[in-house]
Each structure stands twice: as C-alpha cells, then as structure tokens.
Amino acid sequence: MSENTFAYVATSEKPQLPPPQGTTGAVGWARENLFSSPLNTILTLISVFVVFSTVPGIFNWAFVNSVWNANSLDECRALTENGACWAVIRERYHQFLFGFYPTELYWRPILAFVLLFVALVPALWDGMPKRGAALMASMTYPFVAFWLIWGGFGLEPVSSTKLGGLLLTMIIGVSGISFSLPIGIVLALSRSSNLPIVKSLAVIFIEFIRGVPLITLLFVAHVLLNYFLPKGVNFDIVLRVVIMVTLFASAYMAEVIRGGLAALPKGQYEAADALGLSYWQSMRLIILPQALKISIPGIVNTFIGLFKDTTLVLIIGLMDPLGLVAPTLADQRWNGIFVELYAFIAFMFFIFCFAMSRYSMYLERKLHTGHR
Amino acid sequence: MKKMILPVALGAAFAATSLSAASAGTLEDVQERGKLRCAVSTGLAGFSYTDENGKWQGFDVDYCRAVAAAVLGDADAVEFSPTTGKTRFTALASGEVDILSRNTTWTFSRDADLKFTFLGVSYYDGQGFMVKKSLGVASAKELDGATVCIQTGTTTELNLSDYFTAEGMSYEPLSIETNTEGRANYLADACDVYTTDASGLAASRATFENADDHIVLPEIISKEPLGPLVRHGDDQWADIGRWVLNALKIAEEKGITAANADEMAANSKDPEVLRLLGASGEMGASVGLGNDFALVAIKAVGNYGEVFERHLGTQTKVNLARGLNAMWTEGGLQYAPPFR
C-alpha cells in the first residue's frame, strides 16, 4: 500500500450527506403522500377534519363513557350522559351467540364450531400430510355437526325453535357455502356442456333461481312446502331454509365459475383433448384448477354475500342475530336501545366476513403462478 | 291486505284438503307431543319478549302458558314460534302451530275468509297516532299531507287509509316491517306521524329518552279487539282455548288469584267458583281435559288482572290503565259467559 503524499487528496471517502430535509422521515412521507398536489392537500385536510370530528366522539361513546354494569336502559341513562349501554350485550351476548339453546348444552354447538375448523384444515391447507384421507374424514363433518346440534342418538334432542343467534347464521351460512360450491361447479359444467338436455336443465334451473328474490324462496320454504308435504311429516324449518339458501347460492356460484371457464383460452381445452384425456380427466387436471383460480374473488364474493343474506331469515320469524333484536327491545328494561345491539351484530359479522376476504387474498397470492 | 289474503286463502285450501285426510284432533296431537306449539309476535313490548334467560314472557305469551298448563299440566311445555305480521296466518293455517296468540285483530275476513276461529278478546285496543310536540298538532284532523310510518300487512294499514279518506285528507305512507323499525324511523324524522295500536304507542313512547316531547293524539280511529285464534274445523280445541281465556277472566271477577286458588277450591261457598276450579261437577271432561284444568291454568299464570298488571299495567314501563279492559263489573268490556 502506497502512502498518499499529497495533503489535498482525500484518503478516504467523505461521509454521505443526509438527504435534504423534507424528503425523509415523517415530514418527507407526509409531503410525498399527503400534500403532493393542491388537490391532495385539500383532500388530506378534509379527511383530517372528518376523522377528528367523528372518531373522538365515537371513541368516547363506545369506550370512555360506556356502561357495562346496569340492569336496564334507565339505569344506563342515569349513569352516563352519552355513552354506549353495553350492559345489554353483557346480559344477552349468549343469546346473540346461541339463541335459546339450552345453557347446559352450550358445549355441543361450541364443539361443533371447533370441529368445523378441524374439518376445514384439510380443505384449506394443501400441504397437509395424508390430505386425501383427512378430506374423506372431513366429509363426515356435516353429519357430526347435525347430530351435535340437534341431538338424538344418545344426545338430548334440541328443537329448531331453540336455534338462533350466530349459531343459526353459522348453520345456514356454512352449509350454504359448503354445499353451493360443488353444486355450482356441476351446474357450471352442465351449462357449458355439449349435451342438450343436461345443458337446458342447468340453464332453466340457474335462470329460474336467479330470477327470483331470495325472500321469495324463503317464503316458499316457510309456507308452501308445509302445504305440499303430507301432514305429520314435520320437515324442519331450518333444514328447509338451508336447502333454499343453498339452491340460491348454487345458481350464482355456477355463473361465477362459468365465467372462469369462459376466461380460459380455447387452447387449453384443445391441448387437453390432444393429450387424449377423457372429459373428466381434462376437467380435473387442466380446466377446473385454472378456472377456479380465476374465479376465486367471485366465489368468495358470493360466499360473503350469502353469509350476510342469512339475516333475511328474520322475515320468516327465525331468530338470527338481527331477529333477536326485536324480542330484546320488547323487554321493558331494554326498550329503546338500538345502536348498541346493531353495533354488536355488525361487529360479529365483520369478523367472519373479514376473515373470509383475507383468506381469499392469501389464496390468490399463493396460486399466483404467472400469466402476468 | 288484499295481496295477503290470496296466498293465505290458497294455502288454507291446500291445508283443508290435506287436513281432512288425517284429522286426529289438535288436543290429541298436543298431548301426544307433550308440547303446545304457540305462535307469538317476534317482539312487542308487554305482549311478547324474551328475558335474560331466553325465556318468552308477556301478555300474549302467558295466555299460551295458561293453555299449556290446562292441557298438559305444565306451563313451560310450550314451543314458541316467533311470527311476523306476514307469516302468522300461514303458520297457523299450515298446522305448524296449534294456536296463535299474537295481538291479532278479530275481523270478519280473518274469521270467515281465512278460516280461523277467534277465541275471544284478550285485549281491547284501538289505533292512535303519535306525533312530536314540535309539530304543533293537537288533533288527528290536522294531519293533512303528513308522512305516516305504518306497519304493512296489518289492519292498521287499512284503518289509516279509511280514516284519511273519510276525513278528505291525504297522507304519504312510509311502509315498515316491525315496530322497532317504525320507532327508529319516527325518531329519525323519516315520518311525522307514527300510527299503530294505542298500547303499542304508549309502550314506544315510554322508552323515548324525552318522552315529553311526544304526544299521543286523542283520536282513536278504530276498534282493535285482539285475541288468540285457532284453525277452523276443530271445535273441541277452540272450546279449550276459549274457556281457558274465559276462566282467567272469571277468576278475576271472583277474586281467585294464583296465590289463593287452592284455598278457594277447598273453602269457597260460591258454586261457580267450585265448578270453575273443578271442586264440583264434571266440567273439564266435556272438553277432554281434567276437571281442574282452570285451576292449573290460574295457578300457573294468575287471573286476567294479574297477567295484565304483570306485563302491561301501571306498575310497568308500558304503563297502560285498564280502561276498556277492566272487568264489566268495573266499567270495562271484559265479560266472560257463565261457567256452568
């Protein structure tokens, strides 16, 4: 190494100057993202104003001034000027979760709920060891859940009139979701099939169901089926509703999946044929994996819509969480309380719908294998 | 209303054909099942609501409990089906429930056209109007052009249109499905006037934060005799329902309460009391029940006045005076035929 003999030649690199003030840190970020143009500045100021004028109020209402311990709305009002009266939720949350299910039997729906996730693992996680066998085991879940919730065969039977709250929403939503997907796939394949009878049956079914509001189908389930079935055959109202909701969702599902099928290049079909694959082989190995991947946002959209549509059953007198609002309000102690109940219900629905939407995003990212 | 009668009537026709095949009698069905199936409202202050344990309570509910006590000996042997204004009649006509006790107005067409049998009047109501004081209205005759919150599928809807037509006024209806919805819309100023049965108005008003800002107008524009009902075609079952209701009224008239019923049955000198409580005669057998059916019912829920005071009376938030619903001996309309 030679010594540098010139005093004016730097021996080492000079330290880097910091970037100009105002382009880094909080200020820089704000400049870049919030005040980059006059329009953005105005929008930022408006948003800040909206946030500051609403959030503290809502926060105070929901947390600071709220009341958790009271026996009636009047007691709440005496305790707080303008705060939420969560005491009603504290007293009734178990009804909003389980309806009128006997308290000492709560373990049954809870167990069914836990088993639901056990059964979902093989369906949702494709890296699972021995997935095939596990999937077959999951197929028995509907029967196990039915047995746990309604009882019979050694368990104390529970009538459908006792079902309500989130439990009812889950029963209708989960069975609607899990049955509508396979039915929807079959319908979509039938509709794009070359066999005229199969095709027209699928078209008639889909167009009929889509042409009728869900409310109408629920009324049919509640009212008309009763007349058509012989007297004494007491076909459970919850099962009737589940069937109607499933049929309804299947029709929409079929169209979503048909969209996925139509989006595949024709070359994929031709390539499958050229390989000498049979119809079912080509569907299973080539067409459906791609078509379903394309359809994921639409499928999850239908799921979430279906889950929220279950609240419509309150029109036919079933006690889903929204349906439970009325008898709660009719109790003199709580008469006149609305916002707290609806906020609680909205929160419950948000948890489930948000989870579904996050899972679909995860799935999309994972299956994102190119084509871009 | 018209659009409602048609499907119900169609349904009733279907039901009639299928019922005629196997009509074992409702009483036998109920006894075999061990449960009375009773349709109530999905929630109406004082009439039907759920308590913190999920148990149904209320004026209409207690009637079901009384029937269950009389028929099965157990006031809790009831399966309640909450029904809306739209589903109540089909639920009854299709045989899904045995009895409907859901603040339902007794009218000609419901009795004759829908083929139901009304069992009497459990509550005399009438339709009224509630407005905000700030509107500056003192009489229903000043409501020309008002927006009115009105529950669909009910007689109130028809009364409203009758009244405004008769008075030569116009109004804008805002259709709502439930009482809760109506109250919320009214408080949010979506409508100027909220109309429903006067009992419902009083119950709603009692829950407002500033009840004094609202007034119930003096005009009562309709007769609303509310009562329980059953299907046509099973007179024995109708008799049971009718006489359980009458028994509760006679009990009040005679001063029989849930607390003193046993003692009255043993010691009373009044022959009608003894007949009613099954201490003499064989009255219960003629409707296929035990002789003490009325005694069990009264012990389960109390007499008519006790039920009223417990759920609707001046000690409750609904705060209704007996008014028309006082016994005939006290200037009201509640009058039960003699028990002999």
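Residues numbered from 1 in each chain as written. Chains lettered and ligands numbered in written order. Predicted model: local features only at pLDDT ≥ 70, side-chain atom pairs only at ≥ 80, totals over all residues.

As recorded by UniProt, the Sequence similarities (unreviewed entry) comment attached to chain B reads in full: "Belongs to the bacterial solute-binding protein 3 family." (UniProt positions renumbered as here; feature names shortened; annotations may be inferred.)

If you look chain A up in an unreviewed UniProt entry, it shows as General L-amino acid transport system permease protein from Pseudovibrio denitrificans. Its UniProt record gives chain A a comment under Sequence similarities (unreviewed entry), which states: "Belongs to the binding-protein-dependent transport system permease family. HisMQ subfamily."

So, helix α8 (residues 165–191) of chain A
The periodicity of an α-helix, 3.6 residues per turn, causes residues three or four positions apart to be oriented the same way. Residues and elements named next belong to chain A. Compared with the 39 Å implied by 1.5 Å per residue over 27 residues, the 37 Å span of α8 between its first and last C-alpha is a close match. Of all bends in α8, the biggest is about 30°, found at Ser-180, and the proline Pro-182 comes one to four residues later. Taken across its 27 residues, α8 has 21 buried, putting it largely inside the fold. (Helix = DSSP H or I, 4+ residues; strand = E, 2+ residues; numbered from the N terminus. Expected span 1.5 Å × (residues − 1). Bend = angle between axes of the 7 residues up to and from the residue. Buried ≥ 20, exposed ≤ 12 C-beta atoms within 10 Å, placed from the backbone.)

Observations concerning the UniProt feature "transmembrane region" (unreviewed entry) in chain A
All names here are of chain A. Mapped onto this structure's residue numbering, the UniProt feature "transmembrane region" (unreviewed entry) falls at residues 41–63, 105–125, 132–153, 165–189, 201–225, 237–257 and 336–356. From the first C-alpha to the last, residues 105–125 spans 31 Å; its make-up is 86% helix and 0% strand. Helix makes up 86% of residues 336–356 and strand 0%, with an end-to-end C-alpha separation of 34 Å.

Overview of the environment of Thr-147 of chain B
Residues and elements named next belong to chain B. Looking at where Thr-147 falls in the secondary structure, it is placed in strand β9 (residues 146–151). On a C-alpha basis, the gap between Thr-147 and Thr-26 in space is 45 Å, while along the polypeptide they are 121 residues apart. Residues in contact with Thr-147, not counting those within four places in the same chain, are Glu-172, Leu-174, Cys-191 and Asp-192. (Contact = placed C-beta atoms within 7 Å.)

Overview of the interface of chain B and chain A
In this complex, chain B contributes 36 residues to the contact, which on the side of chain A involves 30 residues. Mapped onto the side of chain B that touches chain A, the elements with two or more residues apiece are α1 (2–21), β2 (49–50), β4 (78–83) and α7 (179–187) of chain B. Partitioned by chemical class, the residues of the side of chain B that touches chain A number 12 nonpolar, 18 polar and six charged. (Nonpolar A, V, L, I, M, F, W, Y, C, P; charged D, E, K, R; others polar.)

Points about the nonpolar core
Counting residues in hydrophobic clusters, the biggest one holds 172 residues, and the most contacted among them are Val-241 of chain A together with Ala-70 and Ala-297 of chain B. Among the elements that line this core, the one with the most residues is helix α11 (residues 237–263) of chain A, at 15 residues. Setting aside chain neighbours within four positions, we find Val-241 of chain A in contact with Ile-172, Leu-218, Ala-221, Val-313 and Leu-318 of chain A. (Core = buried A, V, L, I, M, F, W, Y, C linked by C-beta atoms within 7 Å.)

Details of the packing of α8 of chain A against helix α9 (residues 196–210) of chain A
Residue and element names in this part refer to chain A. Interaxial distance between α8 and α9 falls to 7 Å at its minimum, and their mutual angle equals 125°. The angle between α8 and α9 falls in the class oblique. As α8 packs across α9, the resulting crossing turns out to be left-handed. In this structure, α8 uses Leu-187, Ser-190 and Arg-191 to contact α9, whose residues at the interface are Val-198, Lys-199, Leu-201, Ala-202, Val-203, Phe-205 and Ile-206. Along the lines of polarity and charge, the residues of the contact of α8 with α9 split into seven nonpolar, one polar and two charged. (Axes fitted to C-alpha atoms, helices over the stretch in contact; angles between N-to-C directions. Parallel < 35°, antiparallel > 145°, perpendicular 65-115°, else oblique. Left-handed = near helix turned anticlockwise from the far one by under 90°.)

Observations concerning the domain arrangement of chain B
Residue and element names in this part refer to chain B. Structurally, chain B comprises domain 1 (29–122 + 227–330) and domain 2 (126–223). Centre-to-centre separation of domain 1 and domain 2, based on C-alpha positions: 30 Å. Between domain 1 and domain 2, the residue contacts involve 13 residues of the former and 11 residues of the latter. A breakdown of the residues in the side of domain 1 that touches domain 2 according to their chemical character gives five nonpolar, six polar and two charged. (Domains from an automatic or database assignment.)

Observations regarding the confidence of the model for chain B
All names here are of chain B. For chain B, the mean per-residue pLDDT works out to 88, and 93% of the residues sit at or above 70. Mean pLDDT values over the elements of chain B span from 45, in α1, up to 96, in helix α3 (residues 59–72). Taken together, the stretch residues 1–7 has pLDDT below 50 and engages in six contacts with residues farther than four places along the chain or on a different chain. Every residue in residues 9–22 scores below 50 in pLDDT, and together they form 23 contacts with partners more than four places removed in sequence or on other chains. Here the prediction assigns the complex a pTM of 0.84, and the interface score ipTM is 0.80. (pLDDT = per-residue confidence, 0-100.)

Some remarks on the packing of helix α5 (residues 107–124) of chain A against helix α7 (residues 141–150) of chain A
All names here are of chain A. Contact geometry of α5 with α7 gives a least axis separation of 9 Å together with a crossing angle of 170°. In terms of orientation, α5 and α7 fall into the roughly antiparallel class. Taken together, the residues of α7 that come into contact with α5 (itself represented by Arg-108, Pro-109, Leu-111, Ala-112, Leu-115, Leu-116 and Ala-119) are Tyr-141, Val-144, Ala-145, Leu-148 and Ile-149. The class makeup of the residues in the contact of α5 with α7 is 11 nonpolar, no polar and one charged.

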